[in-house]
Amino acid sequence: LAVGDAHRTGYHFQPPKNWINDPNGVMYYKGVYHLFYQYNPKGAVWGNIVWAHAVSTDLVDWVMLPPAIYPTAPFDVNGCWSGSATVLPDGTPVIMYTGIDGENRQVQNVAYPKDLSDPYLREWVKPDYNPVIAPGPGMNATAFRDPTTAWQGPDGLWRLVIGTKDNHRGLAMLYRSRDFKRWAPARRALHSGDTGMWECPDFYPVNSAGVGVSGSGGRKHVLKVSLDLTRFEYYTFGEYDDATDTYVPDAAIADGNDGLRYDYGNFYASKTFLDTAKQRRILWGWANESDSTADDLRKGWAGVQAVPRKVWLAPDGKQLVQWPVAEIESLRGNHVNVTDTLVKAGQHFEVSGLASPAQADVEAAFQVMDLDKAEPFDPAWRGADAETVCAARGAEAKGGVGPFGLWVLASDDLKERTAVFFRVFKGGGGGDGGKHVVLMCNDPSMSSHADNLYKPTFAGFVDVEVAQTGGKIPLRTLIDHSVVESFGAHGKTCILSRVYPTKAVGDKARLYVFNNGESDVKVTHLNAYEMRSAKITADVK
Ligand code: DQQ
């Protein structure tokens, strides 16, 4: 394998070459899923940004089309940055995106399909009356971007949100319009927080079926923002009154850096859309490289999209849950199965029999045999985030209950391996009462012999009461050469990590189950599937 090819993904979306970042304008239109994304046609670093375009009928195989939106006019001469699509009631899609104008101001532009009879909507027209929204007086013109999909209020006006900041305060600014042409700012921001610039806001209704169409029970609105400062995304959900355009996050939901996240790993600038074909909401997010820029240039590419995930409100109403769209399972090939296998304290075993565990889908359920062995949750960690705890107690640090889980992309001598694991502590009293604290971690510190890699440990708490599940915690991990994308407890805690093994590549990669805790752990079941590669084809027109 040539440099770089070893780490290209088989079923995570990637164009043949060059830099990609944010998913843009994702939508379903007349039988076709559209994925646009930030793209540098000239190289493997960020710059020269256009909207590249790909289409699919199943969210698995993609046809690569020419860029849909690229600099042509004074209102976007310095770049076509992120934005969203809205499908109007008459069926016409409209795109709103951020153009960087000749003075490097961020302005919002509209674009319409040139030919609605082209099923792929290859060409887009930008009316001369652009920009339709410019930063107002006193606003930060270099931090005013990423319009959301628009929605219609009871007064018939369209609304959308734009991310901006006022000094250190991140803001989701609301605008209204009758015709997508003339937009007026609302007097109040929809929401704000003292967390720096809010990039790529997303605002949408959900219920426990995922869609949250009006009238359905348990409906909440989600507001997601991407924090420029931490490069993580946070969401709140709560009540949205569309008569007054007031959004009030639920009292129990933390705002800002302590809040809920879609993903506790490498996942940014995400965007959802309503899939009207299957009545579900689908989330797309970008995973950057954590390799060096020099390596990105050598490889000639950088960035992938996470698998499209269905997103819905957990039945208990406490958080969102996510799961890879079912279509991904059509790529599953041969599989191996493990049932009721005990992994004693300090032991591990190989899950053998897959031709290439470097491109696989693993679904497992672990059962802790002795929860009494859980160590107390150190009071010093109270209020600390999961990442801090996992960084202190990585995959090599023996514990009471855990660390146990998977070693993926492992070499035969086990010197390269990425650990995806759980660790269970006894609740430290206080607010937690006697409950257990469950941590899910992705530890890439042994993932590669290569230098200059960014290898942070990622982690999130998992909202599962292990005493009530009989000590069971399920895990699904999608392995794709340089992607390890994991879903804990049926999608309550998700972590995507990028790793670059030097030995554990292609058919040399191996898969193991390990247990570095004192309590035995049973693998009640594990199914590991080989994954075929998605078909990425060039446009035939
Ligand atoms: N990426 C785009 C911006 C957005 C940022 C530029 C987030 O529109 O704020 O490529 O990754």
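Everything below is about the structure printed above this text.
What comes next concerns the included structure. (Residues numbered from 1 in each chain as written. Predicted model: local features only at pLDDT ≥ 70, side-chain atom pairs only at ≥ 80, totals over all residues. Heavy atoms only, no water.)

Concerning the overall build of the protein
Next up, step 1: Within the protein, the regular secondary structure consists of 2 helices and 38 strands.
Next up, step 2: C-alpha atoms of the protein, sized along the principal axes, occupy 70 × 55 × 40 Å.
Next up, step 3: Buried positions account for 62% of the 541 residues belonging to the protein.
Next up, step 4: A fraction of 63% describes how many contacts in the protein between residues 6 or more apart in sequence connect residues 24 or more apart.
Next up, step 5: In the form shown here, the protein has an accessible surface area of approximately 20,400 Å², with 51% of it arising from carbon and sulfur atoms.
Next up, step 6: Between the mean site of the 55 positive side-chain charges and the mean site of the 63 negative ones, the protein shows a separation of 2 Å. (Helix = DSSP H or I, 4+ residues; strand = E, 2+ residues; numbered from the N terminus. Buried < 20%, exposed > 50% of the residue type's maximum accessible area, 1.4 Å probe, protein only. Contact = heavy atoms within 4.5 Å. Areas by Shrake-Rupley, 256 points an atom, 1.4 Å probe, with all protein chains shown as cover. Lys, Arg positive; Asp, Glu negative; His and termini not counted. Charge placed at Lys NZ, Arg CZ, Asp CG, Glu CD.)

Some words on the nonpolar core
Next up, step 1: Among the nonpolar cores identified, the biggest contains 59 residues, and Phe 366, Phe 422, Val 513 and Leu 526 are the most heavily contacted of them.
Next up, step 2: With near-sequence residues (within four places) excluded, Phe 422 lies in contact with Phe 366, Gly 402, Pro 403, Phe 404, Val 438, Leu 439, Met 440, Val 462, Ile 473, Pro 474, Leu 475 and Gly 488. (Core = buried A, V, L, I, M, F, W, Y, C linked by side-chain atoms within 4.5 Å.)

Focus on unusual backbone geometry
Next up, step 1: Between Asn 130 and the following residue, Pro 131, the backbone shows a cis peptide bond with an omega angle of -5 degrees.
Next up, step 2: Considering the arrangement of structural elements, one finds Pro 131 in the loop between strand S8 (124-125) and strand S9 (144-145).
Next up, step 3: Following Gly 402, the chain continues into Pro 403 via a peptide bond in cis, with omega recorded as 5 degrees.
Next up, step 4: Following the sequence through the fold, Pro 403 ends up in strand S29 (residues 401-410).
Next up, step 5: A positive phi is found at Lys 30, a non-glycine position, where the angle reads about 45 degrees.
Next up, step 6: Along the chain, Lys 30 turns up in the loop between strand S1 (18-29) and strand S2 (32-40).
Next up, step 7: Not every positive phi belongs to a glycine, and Asp 245 is a case in point at roughly 55 degrees.

What about the site of the ligand?
Next up, step 1: Taken together, the residues surrounding the ligand are Asn 21, Asp 22, Gln 38, Trp 46, Trp 81, Ser 82, Arg 145, Asp 146, Glu 199, Tyr 268 and Ala 269.
Next up, step 2: Between the ligand and the protein, one listed contact pairs an oxygen atom with a side-chain N or O atom of Gln 38 at 2.6 Å.
Next up, step 3: Within the contact set of the ligand, an oxygen atom lies 3.0 Å away from a side-chain nitrogen or oxygen of Trp 46.
Next up, step 4: Protein chains bury 95% of the 310 Å² of accessible surface belonging to the ligand in isolation.
Next up, step 5: When residues of the shell around the ligand are traced back to their parent elements, those giving at least two are S1, strand S5 (80-87) and strand S19 (268-275). (Near = heavy atom within 4 Å. Polar contact = N/O pair within 3.5 Å; in protein donor to acceptor, adjacent residues only side chain to side chain.)

Thoughts on the pairing of strand S3 (residues 50-56)
One face of the sheet, then the other: side chains in a regular strand alternate in exactly this way.
Next up, step 1: Along S3, 7 of the 7 residues are buried, which leaves the element largely enclosed by surrounding structure.
Next up, step 2: Both S2 and S3 contribute to a ladder of 7 bridges, which runs antiparallel. Following the sheet pairing, Tyr 37 is matched in S3 by Ala 52.
Next up, step 3: Hairpin connection between S3 and strand S4 (residues 62-69): a loop of 5 residues separates the two successive antiparallel strands, and Leu 59 in this loop has a positive phi of roughly 65 degrees. (Pairing = 2+ DSSP bridges.)

Description of the packing of aromatic side chains
Next up, step 1: A complete count under the given rule lists 32 aromatic pairs for this structure.
Next up, step 2: Ring geometry for Trp 323 versus Phe 487: centroids 5.9 Å apart, planes at 65 degrees, classification edge-to-face. Placement of Trp 323 in strand S24 (residues 320-324) and of Phe 487 in strand S34 (residues 483-488) is noted, with a sequence separation of 164 residues between them.
Next up, step 3: Taken together, Phe 13, Tyr 37, Tyr 39, Trp 62 and Trp 284 form an aromatic cluster joined through their ring pairs.
Next up, step 4: Between the NZ or CZ atom of Arg 417 and the centre of the ring of Trp 407, over which it lies, the distance is 4.0 Å. (Phe/Tyr/Trp six-rings, centres within 6.5 Å; stacked < 30°, edge-to-face > 60°. Lys NZ or Arg CZ within 6 Å of the ring centre and 35° of its normal.)

So, the pattern of salt bridges
Next up, step 1: Taken as a whole, this structure holds 40 salt bridges when the rule is applied.
Next up, step 2: Taking the shortest distance from any N to any O, the salt bridge between Asp 263 and Arg 309 comes out at 2.8 Å. Taken together, the residues span a long stretch of sequence, with Asp 263 in the loop between strand S18 (246-249) and S19 and Arg 309 in strand S23 (residues 309-313) at a distance of 46 residues.
Next up, step 3: We classify Asp 263 as buried; its relative accessible area is 2%.
Next up, step 4: You can call Arg 309 buried: its relative accessible area is 0%.
Next up, step 5: Among the ionic pairs, Lys 344 bridges to Asp 520, the shortest N-O distance being 3.4 Å. Of this pair, Lys 344 sits in the loop between strand S25 (332-343) and strand S26 (348-350) while Asp 520 sits in the loop between strand S36 (510-515) and strand S37 (521-531), placing them 176 residues apart in sequence.
Next up, step 6: Overall, Lys 344 belongs to the partly exposed group, its relative accessible area being 41%.
Next up, step 7: Several salt bridges converge on common partners, so that one network encompasses Arg 145, Asp 146, Glu 199, Asp 228 and Arg 231. (Salt bridge = Lys/Arg side-chain N within 4 Å of Asp/Glu carboxyl O.)

Structural notes on the pairing of strand S16 (residues 220-227)
Next up, step 1: Most of S16 sits out of view: 8 of its 8 residues are buried.
Next up, step 2: Neither face of S16 is open: one carries Lys 220, Val 222, Lys 224 and Ser 226, the other His 221, Leu 223, Val 225 and Leu 227, and all of them are buried.
Next up, step 3: As paired strands, strand S15 (residues 198-206) and S16 are joined by 7 bridges and run antiparallel to one another. Paired with Asp 202 across the bridge in S16 is Lys 224.
Next up, step 4: Examined bridge by bridge, S16 and strand S17 (residues 232-241) share 7 bridges and lie antiparallel to one another. Residue pairing for S17: Leu 223 is matched across the bridge by Thr 236.
Next up, step 5: Taking the residues between adjacent antiparallel strands as the criterion, S16 and S17 are bridged by 4 residues, where Arg 231 takes a positive phi near 60 degrees.

Brief notes about the side chain of Gln 305
Next up, step 1: Mapping Gln 305 onto the fold places it in strand S22 (residues 304-305).
Next up, step 2: Within the structure, the side chain of Gln 305 is placed 3.0 Å from the backbone oxygen of Asn 21, a separation counted as a polar contact.

So, the sheet that holds S8
Note on sheets: strands pair through backbone hydrogen bonds, and any given pair is parallel or antiparallel.
Next up, step 1: The strand order across the open sheet formed by 4 strands is S5-S6-S7-S8, and the pairing between neighbours is antiparallel. Two strands bound the open sheet, and with one partner strand each, they are S5 and S8.
Next up, step 2: Across 7 bridges, S5 lies against strand S6 (residues 93-100) in antiparallel orientation. Considered in S6, the bridge of Thr 86 is made with Val 94.

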